[in-house]
Each structure stands twice: as structure tokens, then as C-alpha cells.
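Below, each chain spelled out in residue letters.
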Amino acid sequence: MNLRRLTFANLLVQAAIIVTGVTVRVTGSGLGCPTWPQCVPGSYTPTVQQAQSWHKYVEFGNRTLTFALTAVAIATFVAVLRQRPNDRASRMLAAVPFVGTFAQALLGGVTVLTGLNPFTVMAHFLVSIAIVAGAHALWVRISGTPEIRVREQMLLDVGSRLLVALATLVIVLGTIVTGSGPHSGDAERPARLGFDPQLMSWIHADAVWLTGGLVLSLWAYARWSLRNPILERRTRRVLEIVFVQGAVGYAQYWTGLPWYLVAVHAALAAWFWVAALHVRSAARAAASA
């Protein structure tokens, strides 16, 4: 298979499991399969006798996707070893989703066996974010970056670094907000972080506003100062996602955090993270031109 397409598929499935994982949580399906690695004692698949209703299928579906992730991660790693035997950086990046997927499976087991401990649930999400970063870096390295020449590189470099840092902060705060709210992953186990959800929501929103201001500045800089269409397009995409993400965030806050809006918010968070990394990759390409 074409290595570029394979690394993109690897990135896609790693981002997709973030969405399905959050869906498990916000639908209260975290213990749909109450044991690990089996779904119930004596069976790796859901059984008719289970008391978890439809939740067992949601949780089992997320577990099943892990096998797809593993297959793609292994295929990517083997393809890189074969096609880029002397490219040490690519081999190391290919190992991130390969090793990370297995680590996530184990962490998922710990999460179930500890009754959805909120800290392990947070770690589950954040490890996925780190794996996506590695998968994105590999895809960019294999695909190559367009030639980007700009007159001033320092502001772009600093701004793109700050964007990734703020994106990380926004995502971490988002996990704390969710961990402080009503979506514990199971209605009968309301184990929470103990923070005031309203206060954490405000802090999270402030970080989003700060990030939006930075992205708006980067977009204006790329459009009118650097006059670079690639940078303009990538920063505009992040700006659009931040706008939609913020709208969904306020909507879910004022409507009592319905699960479907929280799931959409998480999907946008994964998209936002990849888009922010894409801006950073363009800035690095400009610096090395």
C-alpha cells in the first residue's frame, strides 16, 4: 500500500478512536463491558444475559476499533521499516502509534478494573492526543511539506509554538471540565475529580478565547504580512474550528451538557488538535526553507 496513504489512515483511525472513546463515556457506557480483557466473565463479546442493555454494544464497539488501530499501526510500522530502512526518525515516529495502541489497551483495562477512575479516564484521552501528534508528524514526514518561503520566520515560529502549547492547555482543561461534570462514564459510578465544574468551564473558555485571539493574529499575519496562501489557509482552518468549537461549547454549557453535544465537542477537539499541528508543520517547513 502507498506509504503516504497508509500513514494518513493511521492518523485518521487514531483520531477516530478519540471520538468513539468519548462517546462511550458520555453515553454512560464505560462499564458496558464490566471486565477486561473479556467483556463479561467467560466471553470476549457481549452476551444476551448482560444487564448493561445497549451500553454493552457501545463499549464493545470501541474495543473492537482498537483491533483496527492495531492492524493499521502494525502495517504502518512494517511499511516504514521496509520502505525507509535508513530513516531513523520515521521508524521512531512509526513506533509511537504501534506502542501507544498497546499502551492504550492496557490503560483501558485499568480504567475498567478501577471502576472508571477519573484520572485514568483523563489519561486515556490525553495519551490518545499524544499518539495523534506522533501519527501526524509521521504523515507529514512521509508526505513532505510544500515549499514555504517567508521573509520573517521568527514571529511565525514563536506563534506556531505558542499555538500548540495553548492547544495542549485547552485540551487538558477540557478533560478536567468533563471530569468535573456529570459524565463519569457510568450513571451508577459518579466518581468525579472534585473541581467546581462551573469554575473549570470558565477557565477552559478563557483559554479558548486566548487561543482564538492568537489564531486570529496568525491568520492576519499570514494573509497581510507574509502573503502566504498555504499559511493563510492552515491558520484559517484552525480559526474556523475554534469558532465552531466555541459555539458548541457554549451550547452544551447552557443546555446542561447533553451527551451528543459533548461528543461533537470532543470530535472537534481532535480536529482542532490536528489542525494546530498542521500549522506548526508549515512553520517548521518555512524555517528550514
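Everything in this summary refers to the structure shown in the same document. (Residues numbered from 1 in each chain as written. Predicted model: local features only at pLDDT ≥ 70, side-chain atom pairs only at ≥ 80, totals over all residues. Heavy atoms only, no water.)

**With respect to helix H1 (residues 3-26)**
No. 1: Here H1 spans 35 Å end to end across 24 residues, near enough to the 34 Å set by a 1.5 Å rise per residue.
No. 2: N-cap assignment for H1: the residue whose side-chain oxygen lies 2.9 Å from the backbone N of Arg4 is Asn2.
No. 3: Note on H1: the residue one or two positions beyond its end, Gly28, has a positive phi of about 70°. (Helix = DSSP H or I, 4+ residues; strand = E, 2+ residues; numbered from the N terminus. Expected span 1.5 Å × (residues − 1). Polar contact = N/O pair within 3.5 Å; in protein donor to acceptor, adjacent residues only side chain to side chain.)

**Concerning the pattern of salt bridges**
No. 1: Applying the stated criterion across every chain, the model contains 8 salt bridges.
No. 2: Between Arg84 and Asp87 there is a salt bridge whose closest N-O contact spans 3.3 Å.
No. 3: Residue class for Arg84 comes out partly exposed when judged on its relative accessible area of 27%.
No. 4: The partner of Asp87 in a salt bridge is Arg141, and the shortest N-O contact between them spans 3.0 Å. Of this pair, Asp87 sits in the loop between helix H2 (55-83) and helix H3 (88-113) while Arg141 sits in helix H4 (residues 118-143), placing them 54 residues apart in sequence. (Salt bridge = Lys/Arg side-chain N within 4 Å of Asp/Glu carboxyl O. Buried < 20%, exposed > 50% of the residue type's maximum accessible area, 1.4 Å probe, protein only.)

**Here's the deal with unusual backbone geometry**
No. 1: Following Trp36, the chain continues to Pro37 via a peptide bond in cis, the omega torsion being 5°.
No. 2: Tracing the backbone through its elements, the reader meets Pro37 in the loop between H1 and H2.
No. 3: The phi angle at Arg227 is positive, at roughly 50°, despite the residue not being glycine.
No. 4: As for its placement among the helices and strands, Arg227 is situated in the loop between helix H6 (197-225) and helix H7 (229-254).
No. 5: One non-glycine residue, Leu257, lies in positive phi territory at about 60°.
No. 6: Mapped onto the elements of the fold, Leu257 is located in the loop between H7 and helix H8 (259-288).

**Some points on the nonpolar core**
No. 1: In terms of nonpolar packing, the biggest core is built from 41 residues, with Leu163, Val238, Phe272 and Trp273 touching the most fellow members.
No. 2: The leading source of residues in this core is H8, at 11 residues.
No. 3: Formed by 11 residues, the second largest nonpolar core is a distinct cluster that contains Leu156, Ile230, Ala282 and Ala285. (Core = buried A, V, L, I, M, F, W, Y, C linked by side-chain atoms within 4.5 Å.)

**Digging into the layout of surface pockets**
Take a probe with the size of a water molecule and roll it over the atoms, and the empty space left behind shows itself.
No. 1: A volume near 380 Å³ is recorded for the second largest pocket.
No. 2: Considering the residues around the second largest pocket, the lining is formed by 14 residues, among which Ala137, Val140, Arg141, Ser281 and Arg284 are closest to the centre.
No. 3: Contributions of two or more residues to the lining of the second largest pocket are made by H3, H4 and H8.
No. 4: Broken down by element, the residue count for the lining of the second largest pocket peaks at 6 residues, all from H8.
No. 5: Its residues assigned to classes, the lining of the second largest pocket comprises 7 nonpolar, 4 polar and 3 charged. (1 Å grid on protein atoms, 1.4 Å probe; cavity = no way out; pocket = protein on both sides within 12 Å on 5 of 7 lines; lining within 4 Å. Points joined across faces, edges and corners; volume = space filled by probe spheres on them. Nonpolar A, V, L, I, M, F, W, Y, C, P; charged D, E, K, R; others polar.)

**Description of the environment of Ala282**
No. 1: If you trace the backbone, Ala282 turns up in helix H8.
No. 2: Relative accessible area serves as the criterion here: at 0%, Ala282 is assigned to the buried category.
No. 3: The sequence separation of Ala282 and Asn117 amounts to 165 residues, and the corresponding C-alpha distance is 38 Å.
No. 4: Contacts of Ala282, omitting those with residues within four sequence positions, involve Ile148, Leu231 and Arg234. (Contact = heavy atoms within 4.5 Å.)

**Concerning the packing of aromatic side chains**
No. 1: Counting across every chain of the model gives 6 aromatic pairs.
No. 2: Seen from their ring centres, Phe77 and Phe98 are 5.0 Å apart, and the 5° between their planes marks the pair as stacked. Highlighted residues: Phe77 in helix H2 and Phe98 in helix H3, separated in sequence by 21 residues.
No. 3: Geometrically, the ring pair formed by Phe98 and Phe102 is edge-to-face, given 5.7 Å between the ring centres and 80° between the ring planes. Here the residue Phe98 and the residue Phe102 both occupy positions in helix H3, the gap between them amounting to 4 residues, near one helical turn.
No. 4: What makes Phe98 partly exposed here is its relative accessible area of 25%.
No. 5: Overall, Phe102 belongs to the partly exposed group, its relative accessible area being 43%.
No. 6: Among the aromatic side chains, those forming a connected cluster through ring pairs are Phe77, Phe98 and Phe102. (Phe/Tyr/Trp six-rings, centres within 6.5 Å; stacked < 30°, edge-to-face > 60°.)

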